[in-house]
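# Breakdown of the fold
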Amino acid sequence: MKSGRGLKEHSASIGITIRILDAMGIVTAGFCSFYWFFDHNYFGGYFYNSLLVGVLMGQVAYSSLGAYQGWRGTNSTTEASLVFWSHVVTFLLIILSAYVTQYGDSLPRLWVFSWFVWSLVFIAITRIAIRRTLGYWRAKGRNIRRILLVGNGDLGQRVIDKLQKNPNLGLSVVGFIDDAPSSPVQNADYPILGSIDEVERIVHERGLTKFGSLCL
C-alpha cells in the first residue's frame, strides 16, 4: 500500500502530465492547422506568438475554471464540461490579446477556428486515455486511496455498494466513524472504528490521507 506522501506525489505527477499534454495539444494543433491550410507560407512571427499566448492562456483558464482538479470519483460528463468551457475561455483570451496587441487582423479566422477545434479534440483524446488508464490501474488495485465514511447507515452502505461495483474509482473504504460507535454494524467487513471526535486519531493510525464525509 502506498504511503500518503506517495499518493500525493503520484497525484502531482498525473497533474503535471495533464498540463504538459494540454500544452502539447494546443501547440501541435496550431502547427497542424496552419500547414493544413497554408502549407505554402512560412510559419513565424505572430503565429509563434499566438501559440505561446495560447499555452499561457490555456494554463490560466484551465486552472481558474477547475479543469485541473482531481477527478477521482467525478463523472466524465463533469470533466468534459469543464474542459470544454475552459477551452472556450482560452481562445476568447487568445483573440482578445491578439486585438489588444494589434495583430488580430493578421490571424486568419479559418486557422483560429481550426486550431480551436483540433486542439480541443487532442485534449479530449488525451483526457479520455488518462481516465481509462487510471481506471484500469485502480481496478487492478493500484493507485488506491483508502477512505473513512462518516455515518453507519443505509446511505453509507449504498456508497460501499457503488464503490464495490466501480473499482476503477480507486476508493477503498476501511470503515466507518459514527456518533454512536457502539451501534450495530450493518456490514462486518466495514467496522465502526470510532466516533467523529476521534477522526484525527483514526486517520493517523490508519495512514489515511483523506476521508469521505456522509451525514445520515
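The coordinates are above.
What comes next concerns the included structure.

### Quick look at the nonpolar core
Residues Y62, F91, L107, W111 and W115 are the most contacted members of the largest nonpolar core, which totals 27 residues. Elements supplying a minimum of two residues to this core: α1 (4-37), α2 (46-64), α3 (76-100) and α4 (109-139). By residue number, the principal contributor to this core is α4, which donates 8 residues. Residue contacts for Y62: discarding those within four places in its chain leaves D22, A67, Y68, V83, S86, H87, T90, I123 and R127. Residues L148, V174, L193 and L208 belong to the second largest nonpolar core, which totals 9 residues.

### Side note on the packing of aromatic side chains
Remark: the centre distance and the inter-plane angle together describe each pair of aromatic rings, the angle taken between the planes. Overall, the coordinates contain 9 aromatic pairs when judged by the stated rule. Aromatic pair F47 and W111: ring centres 5.0 Å apart, planes at 80°, arrangement edge-to-face. Taken as a pair, F47 in helix α2 and W111 in helix α4 lie far apart in primary sequence, 64 residues in all. Residue classification places F47 among the buried residues on the basis of a relative accessible area of 6%. Between the aromatic rings of F91 and W115, the centroid separation amounts to 4.9 Å while the plane-to-plane angle is 75°, which identifies the pairing as edge-to-face. Taken together, the residues span a long stretch of sequence, with F91 in helix α3 and W115 in helix α4 at a distance of 24 residues. With respect to class, F91 is no different from W115; both count as buried. Each member of the aromatic cluster is reached from another via a ring pair, and the members are F34, Y35, F47, F91, W111, W115 and F116.

### Observations concerning the packing of α3 against α4
In contact at an axis separation of 11 Å, α3 and α4 are set at 150° when each is read in the N-to-C sense. Relative to α4, the element α3 lies roughly antiparallel. Crossing hand, α3 versus α4: right-handed. Contact with α3, carried on its side by S76, E79, V83, F84, H87, V88, F91, I94, I95 and Y99, involves R109, V112, W115, F116, S119, L120, I123, R127 and R131 of α4 and no other residues of that element. By residue class, the composition of the contact of α3 with α4 is 12 nonpolar, 3 polar and 4 charged.

### Considerations on helix α6 (residues 199-206)
When we look at burial in α6, the residues that qualify are V199, I202 and V203. Down the axis of α6, the smallest arc covering the buried residues is 100°, so these residues share one side. In α6, the exposed positions angled more than 90 degrees off the buried face are occupied by E200, H204 and E205. Its buried side turned inward, α6 meets β1 (145-150), β2 (171-177) and β3 (192-194). Residue G207 follows α6 closely and has a positive phi angle near 65°.

### Quick look at the environment of L148
Checked against the element boundaries, L148 lands in strand β1. For L148, a relative accessible area of 0% puts it in the buried group. Along the primary structure L148 and L171 are separated by 23 residues, whereas in three dimensions their C-alpha atoms are 9.9 Å apart.

What counts and how
Residues numbered from 1 in each chain as written. Predicted model: local features only at pLDDT ≥ 70, side-chain atom pairs only at ≥ 80, totals over all residues. Heavy atoms only, no water. Core = buried A, V, L, I, M, F, W, Y, C linked by side-chain atoms within 4.5 Å. Buried < 20%, exposed > 50% of the residue type's maximum accessible area, 1.4 Å probe, protein only. Helix = DSSP H or I, 4+ residues; strand = E, 2+ residues; numbered from the N terminus. Contact = heavy atoms within 4.5 Å. Phe/Tyr/Trp six-rings, centres within 6.5 Å; stacked < 30°, edge-to-face > 60°. Axes fitted to C-alpha atoms, helices over the stretch in contact; angles between N-to-C directions. Parallel < 35°, antiparallel > 145°, perpendicular 65-115°, else oblique. Left-handed = near helix turned anticlockwise from the far one by under 90°. Nonpolar A, V, L, I, M, F, W, Y, C, P; charged D, E, K, R; others polar. Arc of directions from axis to C-beta.

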